[in-house]
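The primary structure of each chain is shown beneath.
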Protein chains: 2
Amino acid sequence: MPDAHNVTEPAAPLGDGGLVRLRMAIAYDGTAFSGWAVQPEQRTVAGVLSEALVRVLRLGPDSADLGLTVAGRTDAGVHATGQVAHIDVDGAALMATRSSHAGSDPDPVPALLRRLGGVLPPDIRVRTIERAAAGFDARFSALARTYVYRLADHPSLINPLRRVDTVAWPRELDDGAMAAAAPGLLGERDFAAYCKRREGATTVRGLQALDVRRAGDGVLEVHVRADAFCHSMVRSLVGALAAVGEGRKPVEWPASLLALGERANGVAVAPAHGLTLIQVSYPPDDQLAARDAQTRRRRA
Amino acid sequence: MPDAHNVTEPAAPLGDGGLVRLRMAIAYDGTAFSGWAVQPEQRTVAGVLSEALVRVLRLGPDSADLGLTVAGRTDAGVHATGQVAHIDVDGAALMATRSSHAGSDPDPVPALLRRLGGVLPPDIRVRTIERAAAGFDARFSALARTYVYRLADHPSLINPLRRVDTVAWPRELDDGAMAAAAPGLLGERDFAAYCKRREGATTVRGLQALDVRRAGDGVLEVHVRADAFCHSMVRSLVGALAAVGEGRKPVEWPASLLALGERANGVAVAPAHGLTLIQVSYPPDDQLAARDAQTRRRRA
């Protein structure tokens, strides 16, 4: 075994022809992407990332082989600083990417990071790439996703350097009222009122945190954490809270909508560009596989 | 005096034909500007701002009348979140900008803020505008200017959402070594080594703070405060500190250059887009005029 230099816990030895799972942390400015998921004729995060991976891994043009799997399928215009994804790569192909010059790292994975930086456009970066621990699945092992939504609700708060990820809200918002409306939404609930309906899919989600606060620059930030989100859920929650913040709706209103059991007409969906996926949480390595199995059972 | 509603300390009553000085806080993304100062055929911050002010103040096309005066004349590509400027406007012309409908504010100044927001392009915002206190001069009353320079010195630190104001540095930097090099540069010194020479101009400046630290996102930030800066000084200081951070120069090297008394050849000027003017400091209102006089004496 000439390649047994992998002291850092390989899930399977490299170079034996088996598949190696690589875990990536990814950040992107969603402005010029039609969301995460590959769509024909559209520039998508998954599409651009797959192309770059195929290049640095020197694979054939069929990127579907990679099995690129993501923790949070963000919509068009939504950003990420803490997105997580995985791919499965043939171990022998991975070993073949190693630089041949003397003194190069026997592990081919670290070199991929800078190579990806050289190939990716500036609006997307792979921030870390490493061999995944056994049982890791970017989507099904995740415990929670955390998003932040940024609102500049006064001209004095608008910073042109942050205009890509901050919404200029035309009216001042009462952050105290919004914060008071938040606790009533927490817990394992049916969020049908806040979801775009998909036939046959459950709209029950576990909302773990919903915090409204002013950042250091005075911008109003809504931090939201849940086990998972249905489509447009964070932006709908922000829209409902903003209605309270403007004084158009009472503090009790956002929670009262949960009883509807269907999409609420009065809830505006806040603009996409204020939203950023900032973190995906996973259990300790020895619980990854169990979490994966549990999530799959629930979704089935 | 029908317009004597100005309870908030007017330097001179409005509407009597005298000049009224307006103080503005300004933020801009410097990417698409050829710096602050008006230049023919160039898109500059002062040029774009003057045009917008002329429009909302309903003045003639000759914007030179405004006497737009700024605290820090930033170079091409440099940003600002805390820039300060003033203009002098004819009081009667200012009163004439008031909306005529019933219930409108008797003070014409607050309405200018949202009107400017409607006229300015998205890469520049006026964040506040108010009547200046007596003796205020955006340039000569200032006590200090504070800049921050942001360096992402590892692929894991690069955030595409901050790529406009953060330099991706190709090598890792030892922030401890950089911080150790900083104190030797503090104080009232001849910064000729760090300045682009201008005939007849002094290069003596008072460097009040030079702090090297990691921000919450891991990005290396250099915070620099001085009474004033000569041309390219902050970016040259960052270039010298980065040479220490890379281990190419000893910790003592940046301070040792001060003895040269002329531009140091070995100092690289760090890229413009990592630099942002974040604050301009002024004395209490009753000392504004004295500070103005003191600064003018020193420059003469």
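Here the structure is a predicted model, which is why all the values come from computation and not from measurement.

### Things to note about the overall build of chain A
Okay, step 1: The helix and strand inventory of chain A stands at seven helices and 10 strands.
Okay, step 2: Over its C-alpha trace chain A gives a radius of gyration of 21 Å, about what one expects of a compact globule, namely 19 Å for 300 residues.
Okay, step 3: Projected onto its principal axes, the C-alpha positions of chain A cover 70 × 45 × 35 Å.
Okay, step 4: Counting contacts in chain A only where the partners sit at least 6 residues apart, residues at least 24 apart contribute 71% of the total.

### Regarding the interface of chain A and chain B
A common way to express how large an interface is: the accessible area buried when the components associate.
Okay, step 1: Between chain A and chain B, the contact holds 23 residues from the first and 23 residues from the second.
Okay, step 2: When residues in the side of chain A that touches chain B are grouped by element, the largest group, four residues, is from strand E4 (residues 124-131) of chain A.
Okay, step 3: Looking at the side of chain A that touches chain B residue by residue, the classes come out as 10 nonpolar, six polar and seven charged.

### So, helix H3 (residues 109-119) of chain B
All names here are of chain B.
Okay, step 1: Those residues of H3 that sit buried are Val109, Leu112 and Leu116. Here the buried residues of H3 occupy an arc of 35° about the axis, which is enough to place them on one side. Turned more than 90 degrees from where H3 packs its buried face, Pro110 and Gly118 sit exposed.
Okay, step 2: In this structure, the buried residues of H3 make contact with strand E1 (19-28), helix H1 (45-56) and strand E4 (124-131).

### Re the relation of the copies chain A and chain B
Okay, step 1: Superposition record for chain A on chain B: RMSD 0.0 Å, screw rotation 180°, translation along axis 0.0 Å. Here the copies are linked by what is in effect a two-fold axis. Of every C-alpha in chain A, the one belonging to A:Arg162 sits nearest the axis of rotation, 3.9 Å from it.
Okay, step 2: Taken as a fraction of all interface residues of chain A, those also at the interface in chain B reach 100%, which identifies the copy contact as same-surface.

### As for the packing of H1(B) against H3(B)
Residue and element names in this part refer to chain B.
Okay, step 1: One can describe the packing of H1 onto H3 by two numbers: an axis separation of 10 Å at closest approach and a directional angle of 125°. In terms of orientation, H1 and H3 fall into the oblique class. Our pair here, H1 against H3, has a crossing hand that is right-handed. In this structure, H1 contributes Ala52, Arg55 and Val56 to the contact, and H3 contributes Leu112, Arg115, Leu116 and Val119.

### What about unusual backbone geometry?
Okay, step 1: Residues other than glycine seldom take positive phi values, yet A:Arg58 does so here, at roughly 55°.
Okay, step 2: You can see A:Arg58 is positioned in the loop between helix H1 (45-56) and strand E2 (69-70).

### A closer look at the domain arrangement of chain A
Residues and elements named next belong to chain A.
Okay, step 1: Annotation of chain A at the domain level lists domain 1 (19-141) and domain 2 (144-280).
Okay, step 2: Once you take the C-alpha centre of each, domain 1 and domain 2 turn out to be 30 Å apart.
Okay, step 3: In this assembly, 15 residues from domain 1 lie in contact with 11 residues from domain 2.

### Structural notes on the pairing of strand E10 (residues 275-281) of chain B
Okay, step 1: For strand E3 (residues 79-90) of chain B and E10(B), the ladder comprises two bridges, and the chain directions are parallel. Counterpart to B:His79 in the pairing with E10(B) is B:Thr276.

### A closer look at the environment of A:Val20
Okay, step 1: Assignment of secondary structure puts A:Val20 in strand E1 (residues 19-28).
Okay, step 2: Sequence-wise, A:Val20 and A:Ile158 are 138 residues apart; in three dimensions their C-alpha atoms are separated by 46 Å.

### Some points on the confidence of the model for chain A
All names here are of chain A.
Okay, step 1: On average, residues of chain A carry a pLDDT of 91, and 91% of them reach 70 or more.
Okay, step 2: Confidence over residues 1-11 falls short of pLDDT 50; this stretch has 17 contacts with residues more than four positions distant or in other chains.
Okay, step 3: Overall fold confidence for the complex sits at a pTM of 0.91, while the interface term, ipTM, reaches 0.91.

### Considering the pairing of E1(B)
For a regular strand, side chains alternate in direction, first toward one face of the sheet and then toward the other.
All names here are of chain B.
Okay, step 1: The buried count for E1 comes to seven of 10 residues, which makes it a mostly enclosed element.
Okay, step 2: With nine bridges joining them, E1 and E3 adopt antiparallel strand pairing. The partner of Leu19 across the bridge, within E3, is Asp90.
Okay, step 3: Strand direction decides the pairing type here: E1 and E4, joined by seven bridges, are antiparallel. In the sheet register, Tyr28 faces E4, and the bridge partner there is Ile124.

Calculation notes
Residues numbered from 1 in each chain as written. Chains lettered and ligands numbered in written order. Predicted model: local features only at pLDDT ≥ 70, side-chain atom pairs only at ≥ 80, totals over all residues. Helix = DSSP H or I, 4+ residues; strand = E, 2+ residues; numbered from the N terminus. Rg over C-alpha atoms; globule rule 2.2 N^0.38 Å. Contact = placed C-beta atoms within 7 Å. Nonpolar A, V, L, I, M, F, W, Y, C, P; charged D, E, K, R; others polar. Buried ≥ 20, exposed ≤ 12 C-beta atoms within 10 Å, placed from the backbone. Arc of directions from axis to C-beta. Least-squares fit on C-alpha atoms with pLDDT ≥ 70 in both. Axes fitted to C-alpha atoms, helices over the stretch in contact; angles between N-to-C directions. Parallel < 35°, antiparallel > 145°, perpendicular 65-115°, else oblique. Left-handed = near helix turned anticlockwise from the far one by under 90°. Domains from an automatic or database assignment. Pairing = 2+ DSSP bridges. pLDDT = per-residue confidence, 0-100.

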